[in-house]
Amino acid sequence: MTAPIRVLLVDDHDLVRDGLAALLAADPAIEIVGEAADGPTAVQVARDLKPDIVLMDVEMPGGDGLTATRRILASCPTTRVVILTMFDLDENVSQALRIGASGFLLKTTPSAKLVDAVKACAAGETLLAPSVVDRLITTYVEHPPPAPQNELSNGPLQVLTPRELDVLRAIARGLSNAEISTELYLAEATVKTHITRILAKLGLRDRVQAVVLAYETGLVPPR
(Lines give C-alpha, C1' and ligand atoms only; values in the text may rest on other atoms or scores of the structure.)
Protein backbone atom coordinates (compact mmCIF):
# COMPACT_ATOMS: atom_id res chain seq x y z
CA MET A 1 0.00 0.00 0.00
CA THR A 2 1.30 3.44 -0.96
CA ALA A 3 2.24 5.68 1.95
CA PRO A 4 0.04 8.76 2.35
CA ILE A 5 1.27 12.18 1.29
CA ARG A 6 2.52 13.90 4.45
CA VAL A 7 1.43 17.56 4.57
CA LEU A 8 2.41 20.45 6.85
CA LEU A 9 -0.05 23.38 6.99
CA VAL A 10 1.30 26.87 7.65
CA ASP A 11 -1.12 29.78 8.13
CA ASP A 12 -1.62 32.31 10.92
CA HIS A 13 -5.42 31.93 10.85
CA ASP A 14 -6.78 29.00 12.87
CA LEU A 15 -9.92 28.78 10.74
CA VAL A 16 -7.91 28.51 7.54
CA ARG A 17 -5.72 25.74 8.94
CA ASP A 18 -8.73 23.90 10.37
CA GLY A 19 -10.53 24.11 7.05
CA LEU A 20 -7.54 22.91 5.06
CA ALA A 21 -6.88 20.10 7.51
CA ALA A 22 -10.47 18.87 7.39
CA LEU A 23 -10.56 19.04 3.61
CA LEU A 24 -7.26 17.31 2.94
CA ALA A 25 -7.46 14.70 5.71
CA ALA A 26 -10.77 13.49 4.30
CA ASP A 27 -8.78 11.95 1.45
CA PRO A 28 -7.06 8.69 2.56
CA ALA A 29 -4.10 9.49 0.31
CA ILE A 30 -3.21 12.57 2.41
CA GLU A 31 -2.06 12.81 6.02
CA ILE A 32 -1.78 16.11 7.94
CA VAL A 33 1.38 15.65 9.99
CA GLY A 34 1.68 19.11 11.47
CA GLU A 35 0.55 22.74 11.59
CA ALA A 36 2.26 26.06 12.24
CA ALA A 37 1.02 29.63 12.66
CA ASP A 38 4.24 31.44 11.75
CA GLY A 39 7.42 31.03 9.71
CA PRO A 40 9.95 30.12 12.43
CA THR A 41 7.66 27.46 13.85
CA ALA A 42 7.08 26.09 10.35
CA VAL A 43 10.83 25.73 9.81
CA GLN A 44 11.30 23.83 13.05
CA VAL A 45 8.31 21.54 12.46
CA ALA A 46 9.44 20.85 8.89
CA ARG A 47 12.93 19.94 10.08
CA ASP A 48 11.50 17.60 12.68
CA LEU A 49 8.85 15.92 10.52
CA LYS A 50 10.30 16.11 6.97
CA PRO A 51 6.86 16.44 5.29
CA ASP A 52 6.37 15.74 1.60
CA ILE A 53 4.43 18.97 1.05
CA VAL A 54 4.25 22.28 2.91
CA LEU A 55 1.29 24.55 2.18
CA MET A 56 2.76 27.94 3.08
CA ASP A 57 0.98 31.25 3.67
CA VAL A 58 2.98 34.25 2.44
CA GLU A 59 2.44 36.93 5.08
CA MET A 60 2.27 35.98 8.75
CA PRO A 61 3.08 37.75 12.00
CA GLY A 62 6.29 36.54 13.59
CA GLY A 63 7.99 35.42 10.39
CA ASP A 64 7.13 35.61 6.71
CA GLY A 65 6.49 32.62 4.49
CA LEU A 66 9.24 33.43 2.00
CA THR A 67 12.01 33.32 4.59
CA ALA A 68 10.53 30.12 5.99
CA THR A 69 10.37 28.60 2.50
CA ARG A 70 14.04 29.34 1.88
CA ARG A 71 15.08 27.82 5.20
CA ILE A 72 12.88 24.74 4.81
CA LEU A 73 14.19 23.96 1.34
CA ALA A 74 17.77 24.42 2.51
CA SER A 75 17.38 21.85 5.27
CA CYS A 76 14.72 19.55 3.76
CA PRO A 77 15.67 19.06 0.08
CA THR A 78 12.99 16.45 -0.59
CA THR A 79 10.17 18.65 0.73
CA ARG A 80 8.14 20.67 -1.76
CA VAL A 81 6.68 24.01 -0.71
CA VAL A 82 3.48 25.36 -2.26
CA ILE A 83 2.63 29.00 -1.62
CA LEU A 84 -0.92 29.82 -0.52
CA THR A 85 -2.18 33.34 -1.16
CA MET A 86 -5.38 35.32 -1.52
CA PHE A 87 -3.96 37.37 -4.38
CA ASP A 88 -2.65 36.09 -7.70
CA LEU A 89 -0.79 39.38 -8.21
CA ASP A 90 1.22 39.08 -5.01
CA GLU A 91 4.55 40.82 -5.66
CA ASN A 92 6.29 38.18 -3.54
CA VAL A 93 5.45 35.43 -6.00
CA SER A 94 8.43 35.78 -8.33
CA GLN A 95 10.78 35.76 -5.33
CA ALA A 96 9.10 32.63 -3.99
CA LEU A 97 9.61 30.87 -7.31
CA ARG A 98 13.27 31.84 -7.46
CA ILE A 99 14.00 30.44 -4.03
CA GLY A 100 12.47 27.09 -4.93
CA ALA A 101 8.73 27.09 -4.20
CA SER A 102 7.04 24.38 -6.27
CA GLY A 103 3.89 26.26 -7.10
CA PHE A 104 1.09 28.60 -6.27
CA LEU A 105 -2.43 28.01 -5.03
CA LEU A 106 -5.05 30.64 -4.39
CA LYS A 107 -6.99 30.23 -1.16
CA THR A 108 -10.09 30.44 -3.33
CA THR A 109 -9.13 27.22 -5.16
CA PRO A 110 -12.13 24.82 -5.24
CA SER A 111 -11.90 22.00 -2.71
CA ALA A 112 -11.59 19.17 -5.21
CA LYS A 113 -8.88 20.98 -7.16
CA LEU A 114 -6.93 21.67 -3.98
CA VAL A 115 -6.82 17.97 -3.14
CA ASP A 116 -5.80 17.11 -6.70
CA ALA A 117 -3.14 19.84 -6.61
CA VAL A 118 -1.53 18.42 -3.48
CA LYS A 119 -1.40 14.97 -5.09
CA ALA A 120 0.02 16.42 -8.31
CA CYS A 121 2.70 18.31 -6.42
CA ALA A 122 3.70 15.17 -4.52
CA ALA A 123 4.05 13.45 -7.89
CA GLY A 124 6.41 16.17 -9.10
CA GLU A 125 4.01 18.30 -11.11
CA THR A 126 3.93 22.09 -11.11
CA LEU A 127 1.06 23.98 -9.52
CA LEU A 128 0.71 27.00 -11.76
CA ALA A 129 -2.53 27.60 -13.59
CA PRO A 130 -2.08 29.42 -16.94
CA SER A 131 -3.87 32.52 -15.62
CA VAL A 132 -1.52 32.68 -12.65
CA VAL A 133 1.50 32.13 -14.91
CA ASP A 134 0.43 35.10 -17.04
CA ARG A 135 0.08 37.40 -14.08
CA LEU A 136 3.20 36.24 -12.28
CA ILE A 137 5.36 36.62 -15.34
CA THR A 138 3.89 40.05 -16.08
CA THR A 139 4.72 41.11 -12.54
CA TYR A 140 8.21 39.66 -12.85
CA VAL A 141 8.94 41.33 -16.19
CA GLU A 142 7.74 44.69 -14.95
CA HIS A 143 9.88 44.43 -11.81
CA PRO A 144 13.00 42.41 -12.70
CA PRO A 145 15.88 42.14 -10.23
CA PRO A 146 18.82 44.54 -10.65
CA ALA A 147 21.23 43.24 -13.28
CA PRO A 148 24.19 42.68 -10.90
CA GLN A 149 22.05 40.34 -8.78
CA ASN A 150 20.78 38.39 -11.73
CA GLU A 151 22.91 35.27 -12.07
CA LEU A 152 20.89 33.89 -14.97
CA SER A 153 21.61 34.71 -18.57
CA ASN A 154 21.20 33.22 -22.01
CA GLY A 155 24.37 31.22 -21.44
CA PRO A 156 22.81 28.23 -19.67
CA LEU A 157 20.33 27.69 -22.47
CA GLN A 158 23.12 26.95 -24.92
CA VAL A 159 23.43 23.46 -23.42
CA LEU A 160 19.90 22.57 -24.58
CA THR A 161 19.09 20.90 -27.87
CA PRO A 162 16.58 22.55 -30.25
CA ARG A 163 13.91 20.07 -29.16
CA GLU A 164 14.62 20.75 -25.50
CA LEU A 165 14.23 24.47 -26.18
CA ASP A 166 10.84 23.72 -27.77
CA VAL A 167 9.79 21.83 -24.65
CA LEU A 168 11.04 24.62 -22.38
CA ARG A 169 9.01 27.18 -24.35
CA ALA A 170 5.94 25.00 -23.94
CA ILE A 171 6.55 24.64 -20.19
CA ALA A 172 6.80 28.43 -19.92
CA ARG A 173 3.40 28.75 -21.57
CA GLY A 174 1.90 26.62 -18.82
CA LEU A 175 1.26 23.51 -20.92
CA SER A 176 0.92 20.12 -19.25
CA ASN A 177 2.94 17.11 -20.36
CA ALA A 178 -0.05 15.82 -22.30
CA GLU A 179 -0.51 19.16 -24.06
CA ILE A 180 3.19 19.36 -24.91
CA SER A 181 2.99 15.83 -26.27
CA THR A 182 0.15 16.80 -28.59
CA GLU A 183 1.67 20.09 -29.72
CA LEU A 184 5.14 18.73 -30.45
CA TYR A 185 4.03 15.30 -31.72
CA LEU A 186 5.97 13.47 -29.02
CA ALA A 187 5.09 10.55 -26.79
CA GLU A 188 4.26 11.74 -23.28
CA ALA A 189 7.07 9.56 -21.91
CA THR A 190 9.47 11.36 -24.27
CA VAL A 191 8.24 14.72 -22.99
CA LYS A 192 8.97 13.63 -19.42
CA THR A 193 12.46 12.55 -20.46
CA HIS A 194 13.11 15.93 -22.11
CA ILE A 195 11.92 17.77 -19.00
CA THR A 196 14.14 15.67 -16.75
CA ARG A 197 17.15 16.45 -18.95
CA ILE A 198 16.30 20.17 -19.13
CA LEU A 199 16.13 20.47 -15.35
CA ALA A 200 19.36 18.52 -14.91
CA LYS A 201 21.29 20.51 -17.52
CA LEU A 202 20.14 23.87 -16.14
CA GLY A 203 20.48 22.91 -12.49
CA LEU A 204 16.84 23.69 -11.77
CA ARG A 205 14.72 22.23 -8.97
CA ASP A 206 11.48 21.89 -10.93
CA ARG A 207 9.28 23.22 -13.73
CA VAL A 208 8.43 26.37 -11.84
CA GLN A 209 12.03 27.54 -11.91
CA ALA A 210 12.16 26.56 -15.58
CA VAL A 211 9.27 28.95 -16.27
CA VAL A 212 11.07 31.82 -14.54
CA LEU A 213 14.30 31.07 -16.41
CA ALA A 214 12.56 30.93 -19.79
CA TYR A 215 11.14 34.42 -19.31
CA GLU A 216 14.18 35.84 -17.57
CA THR A 217 16.51 34.85 -20.42
CA GLY A 218 14.11 36.09 -23.08
CA LEU A 219 13.50 32.63 -24.53
CA VAL A 220 9.79 33.39 -24.22
CA PRO A 221 8.66 37.02 -24.64
CA PRO A 222 6.36 38.58 -22.01
CA ARG A 223 2.68 38.17 -22.79
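Located above this text is the structure these notes cover.
These remarks concern the structure in this document.

Calculation notes
- Residues numbered from 1 in each chain as written.
- Predicted model: local features only at pLDDT ≥ 70, side-chain atom pairs only at ≥ 80, totals over all residues.
- Heavy atoms only, no water.
- Pairing = 2+ DSSP bridges.
- Helix = DSSP H or I, 4+ residues; strand = E, 2+ residues; numbered from the N terminus.
- Right-handed = clockwise from strand over helix to strand, strands pointing away.
- Buried < 20%, exposed > 50% of the residue type's maximum accessible area, 1.4 Å probe, protein only.
- Arc of directions from axis to C-beta.
- Contact = heavy atoms within 4.5 Å.
- Salt bridge = Lys/Arg side-chain N within 4 Å of Asp/Glu carboxyl O.

Bridge count between strand E1 (residues 5-10) and strand E2 (residues 30-36): 6 bridges; the pairing is parallel. By the bridge assignment, Arg6 is partnered in E2 with Glu31. Crossover handedness for the path E1 to helix H1 (residues 14-25) to E2: right-handed.

What follows deals with helix H8 (residues 177-184). Every buried residue belonging to H8 is among Asn177, Ile180, Ser181 and Leu184, and all of these are buried. Buried residues of H8 fall within an arc of 105° about the axis and therefore sit on the same side. Check the buried side of H8 and you find it contacts helix H7 (162-172), helix H9 (188-202) and helix H10 (207-216). Backbone geometry just downstream of H8 places Tyr185 in the positive-phi region, at approximately 55°.

Although it is not a glycine, Lys50 sits at a positive phi angle of roughly 50°. You can see Lys50 is positioned in the loop between helix H2 (39-49) and strand E3 (53-57). Given a relative accessible area of 43%, Lys50 falls into the partly exposed group. Although it is not a glycine, Tyr185 adopts a positive phi angle of roughly 55°. On the secondary structure map, Tyr185 appears in the loop between H8 and H9. You can call Tyr185 exposed: its relative accessible area is 76%.

Turning next to the pattern of salt bridges. Once the charged atoms of two side chains with opposite charge are near each other, the side chains can pair. Using the criterion set out here, one finds 9 salt bridges in the structure. Two residues, Asp14 and Arg17, come together in a salt bridge whose shortest N-O distance is 2.8 Å. Within this pair, Asp14 and its partner Arg17 are both found in helix H1, separated by 3 residues, close to a single helical turn. Glu183 serves as the salt-bridge partner of Arg173, at 2.6 Å between the closest nitrogen and oxygen. Here the residue Arg173 occupies a position in the loop between H7 and H8, and Glu183 occupies one in helix H8, the gap between them amounting to 10 residues. One network of salt bridges, with partners in common, ties together Asp11, Asp57 and Lys107.

Quick look at the environment of Leu168 now. Structurally, the position occupied by Leu168 is in helix H7. Relative accessible area serves as the criterion here: at 0%, Leu168 is assigned to the buried category. The sequence separation of Leu168 and Arg207 amounts to 39 residues, and the corresponding C-alpha distance is 8.9 Å. Setting aside anything within four residues of it in sequence, one finds Leu168 in contact with Leu157, Leu160, Ile198, Leu202, Ala210, Ala214 and Leu219.

Before going further, it helps to examine the pairing of E3. Burial of E3 is extensive: 5 of the 5 residues sit out of reach of the surface. With burial as the criterion, each face of E3 is covered, one bearing Ile53, Leu55 and Asp57 and the other bearing Val54 and Met56. Note that E1 and E3 share 4 bridges and pair parallel. For Val7, the partnering residue across the bridge sits in E3 and is Ile53. The parallel pair E3 and strand E4 (residues 80-85) is bridged by helix H3 (residues 65-75), and the resulting crossover is right-handed.

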